[in-house]
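Here is how the chains run, residue by residue.
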Amino acid sequence: MEGEPLIYLTCVAIAGADYCVIAADTRMSTGYSILTRDYSKICQLAEKSVMASSGFQADVRALQKVLAARHLIYQHQHNKQMSCPAMAQLLSNTLYYKRFFPYYAFNVLGGLDNEGKGCVFTYDAVGSYERVGYSSQGSGSTLIMPFLDNQLKSPSPLLLPAQDAVTPLSEPEAIDLVKTCFASATERDIYTGDKLEIVVLNANGIRRDYMELRKD
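- As annotated in an unreviewed UniProt entry, the protein carries the name Proteasome subunit beta and is attributed to Actinidia rufa.

And the structure:
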């Protein structure tokens, strides 16, 4: 289709007791064309907040710039970094504000909350969001989410009293699970591949790891 949005991107986030793992492949493609094999889809919004996005990349970049500007204003007014739950609300408000001509962006926001627990927020294009233990967006999400459901099944949000959404895995186990997800999705999804970028947030800060994926 002429003018087709660049929706062929895949990202995953997993929250743990004291960490959060956000990962995305670095391939950007449209139709049967690979536009670049080394494109980062992960953006650090604040000290403890990282966003991974799939969708039309011009809209994703515009959204990142708006969030960066709003966060800078927040820092000047409050003399501190925005927390991850606050950033989640800001992202929701920003998307909802544009609901009649929305950003064609599907986001996963991950980080640490005020208690140091991992948190993941998943979004649709018009700002509806939910705090979950894990999430995936993009072309490979239809392959990855059933696997994560099988491995990590979160408690229903309808259960009372409310159950903690974080996953029971240790940090190395979560990283290995993310690598397995992408290695599997790469075999079945032609829009996922080349290289995996993994961002890990914990009490010690933030770090990035990389893993090679299929290049065909």
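### Structural notes on the pairing of strand 1 (residues 10-15)
Right, on to step 1. With six of six residues buried, strand 1 lies mostly within the body of the structure.
Right, on to step 2. Alternating positions in strand 1 separate into two faces, T10, V12 and I14 on one and C11, A13 and A15 on the other, with burial throughout.
Right, on to step 3. Summarising the sheet, strand 1 and strand 10 (residues 134-138) pair through five bridges and their orientation is antiparallel. Residue T10 lies in a different strand from strand 10, and its bridge partner there is G138.
Right, on to step 4. Sheet topology note: the strand 1/strand 2 (residues 19-25) ladder contains five bridges and is antiparallel.

### Details of helix 3 (residues 141-152)
Right, on to step 1. Within helix 3, the full set of buried residues consists of S141, I144, L148 and L152. Along the axis of helix 3, the buried residues cluster in a sector spanning 65°; they form a single face. Facing away from the buried side of helix 3, by more than 90 degrees, are the exposed residues T142 and N150.
Right, on to step 2. Where helix 3 is buried, its residues contact strand 1, strand 10 and helix 4 (171-188).

### Description of the sheet that holds strand 9 (residues 129-132)
Right, on to step 1. Sheet architecture is open: five strands sit in the order 5-6-7-8-9, paired in antiparallel fashion. Edge strands, defined here as strands with exactly one partner in the open sheet, are strand 5 (42-46) and strand 9. Pairwise comparison of adjacent strand axes, ignoring direction, gives a mean angle of 25° for this sheet.
Right, on to step 2. Bridge count for strand 7 (residues 105-112) against strand 8 (residues 118-123) is five bridges, and the pairing is antiparallel. Within strand 8, the residue paired with V108 across the bridge is T122.
Right, on to step 3. Strand contacts of helix 1 (residues 57-78): strand 5, strand 6 (49-55) and strand 7, with the helix running at about 155° to strand 6, the strand carrying the most contacts.
Right, on to step 4. Across the sheet, helix 2 (residues 84-97) is in contact with strand 5, strand 6, strand 7, strand 8 and strand 9; its angle to strand 8 comes to roughly 5°.

### Here we look at the pattern of salt bridges
Right, on to step 1. Across all of its chains, the model carries twelve salt bridges by this definition.
Right, on to step 2. When the shortest N-O distance is used, the salt bridge between D38 and K195 registers 3.6 Å. Taken together, the residues span a long stretch of sequence, with D38 in the loop between strand 4 (33-36) and strand 5 and K195 in strand 11 (residues 195-202) at a distance of 157 residues.
Right, on to step 3. What makes D38 exposed here is its relative accessible area of 56%.
Right, on to step 4. As a salt-bridge pair, E115 and K117 come within 3.9 Å of each other at their nearest N and O atoms.
Right, on to step 5. The class of E115 is exposed, set by a relative accessible area of 66%.
Right, on to step 6. With a relative accessible area of 29%, K117 lands in the partly exposed category.
Right, on to step 7. A network of salt bridges, in which partner residues are shared, links R27, R37 and D194.

### Quick notes on the packing of aromatic side chains
Right, on to step 1. As enumerated under the stated definition, the model contains three aromatic pairs in all.
Right, on to step 2. Taken together, a centroid distance of 5.9 Å and an interplanar angle of 50° make the contact between F121 and Y129 tilted.
Right, on to step 3. According to the relative accessible area criterion, Y129 is partly exposed, its value standing at 29%.
Right, on to step 4. Between Y123 and Y129, the aromatic rings sit 5.3 Å apart at their centres with planes inclined by 10°, giving stacked as the arrangement.
Right, on to step 5. In textbook terms, an aromatic cluster arises when at least three aromatic residues are bridged by ring pairs, as seen for F121, Y123 and Y129.
Right, on to step 6. Over the face of the ring belonging to Y96 we find R99, whose NZ or CZ atom lies 4.1 Å from the ring centre.
Right, on to step 7. In this structure, K195 packs its charged tip against the face of Y210, placed 5.1 Å from the ring centre.

Thresholds, definitions, all that
Residues numbered from 1 in each chain as written. Predicted model: local features only at pLDDT ≥ 70, side-chain atom pairs only at ≥ 80, totals over all residues. Heavy atoms only, no water. Buried < 20%, exposed > 50% of the residue type's maximum accessible area, 1.4 Å probe, protein only. Helix = DSSP H or I, 4+ residues; strand = E, 2+ residues; numbered from the N terminus. Pairing = 2+ DSSP bridges. Arc of directions from axis to C-beta. Contact = heavy atoms within 4.5 Å. Axes fitted to C-alpha atoms, helices over the stretch in contact; angles between N-to-C directions. Salt bridge = Lys/Arg side-chain N within 4 Å of Asp/Glu carboxyl O. Phe/Tyr/Trp six-rings, centres within 6.5 Å; stacked < 30°, edge-to-face > 60°. Lys NZ or Arg CZ within 6 Å of the ring centre and 35° of its normal.

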